[in-house]
Amino acid sequence: TLPRSDITSNVNNFSSFEVVYINQKRIVFVWTDSAGLYQFADDKWNQITVDHGLLSNQINGIAFLGGKLFIATDQGISILENNSIDNNWNVKLDLPTRKIVGITIENKSNSFDYLVWLHGGDWIGIVEQESFHLFSKTVNSIFSKQGYYLELQPDFMGGIFYGNAFDIYYVRKR
């Protein structure tokens, strides 16, 4: 059991959590809809917010690979690496919108050969080798029902599943 923290007083909704390992050290991330990201490492909780460099405190998803934590927010993507936040992807990539509602990583064969899948609400795109490609500009909306949490799952054959507790959809290039 992790030690309790008084993080619930600042939070409307916990979105989800992720457990990652960096140099054989366990780190737990809990993301929220209004209070940024909480990180449990070295037996203590730390809150990461816009005051620390995040683009927004509304976290819509995270994905981890090779020591980098990709953070999807309603204002774009922040990348946390070595306790430093980088927001340069938002300048480099020509995304259709800043709002990112979902993110996942498809690691093909090694940590250098990966795709970052992004869901922007009405579009799905891929970042490959620091370049954005629009995958689908017409996707079904799953945001009509309250309490959603978007999940993205690549099929490793050129398509992606996306959905929540109410609906699941699939998109694949033909």
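Residues numbered from 1 in each chain as written. Predicted model: local features only at pLDDT ≥ 70, side-chain atom pairs only at ≥ 80, totals over all residues. Heavy atoms only, no water.

**Student:** Please provide a residue-by-residue account of the nonpolar core, values included.
**Tutor:** Judged by nonpolar contacts, the single largest core of 17 residues is most densely connected at F70, W89, L95, V116 and L118. Here V116 is in contact with F70, W89, I103, T104, I105, G125, I126 and V127, once residues within four sequence places are set aside. (Core = buried A, V, L, I, M, F, W, Y, C linked by side-chain atoms within 4.5 Å. Buried < 20%, exposed > 50% of the residue type's maximum accessible area, 1.4 Å probe, protein only. Contact = heavy atoms within 4.5 Å.)

**Student:** Before we move on, could you go through the packing of aromatic side chains and cite the residues and values that matter?
**Tutor:** Taken as a whole, this structure holds six aromatic pairs when the rule is applied. Centroid distance W123 to F132: 5.6 Å. Interplanar angle 85°. Geometry classified as edge-to-face. The two residues W123 and F132 agree in class, both being buried. On the basis of an interplanar angle of 45° and a centroid distance of 4.6 Å, the ring pair of F161 and Y170 is categorised as tilted. Residue F161 is classed as partly exposed on the basis of its relative accessible area of 37%. What makes Y170 partly exposed here is its relative accessible area of 36%. (Phe/Tyr/Trp six-rings, centres within 6.5 Å; stacked < 30°, edge-to-face > 60°.)

**Student:** Can you tell me about the pairing of strand β15 (residues 168–172), naming the residues and giving the values?
**Tutor:** As defined by bridge partners, strand β14 (residues 159–163) adjoins β15 across five bridges and the pair is classed as antiparallel. Looking at the pairing, F161 lines up with Y170 of β15. Connecting the antiparallel pair β14 and β15 is a turn made up of four residues. (Pairing = 2+ DSSP bridges. Helix = DSSP H or I, 4+ residues; strand = E, 2+ residues; numbered from the N terminus.)

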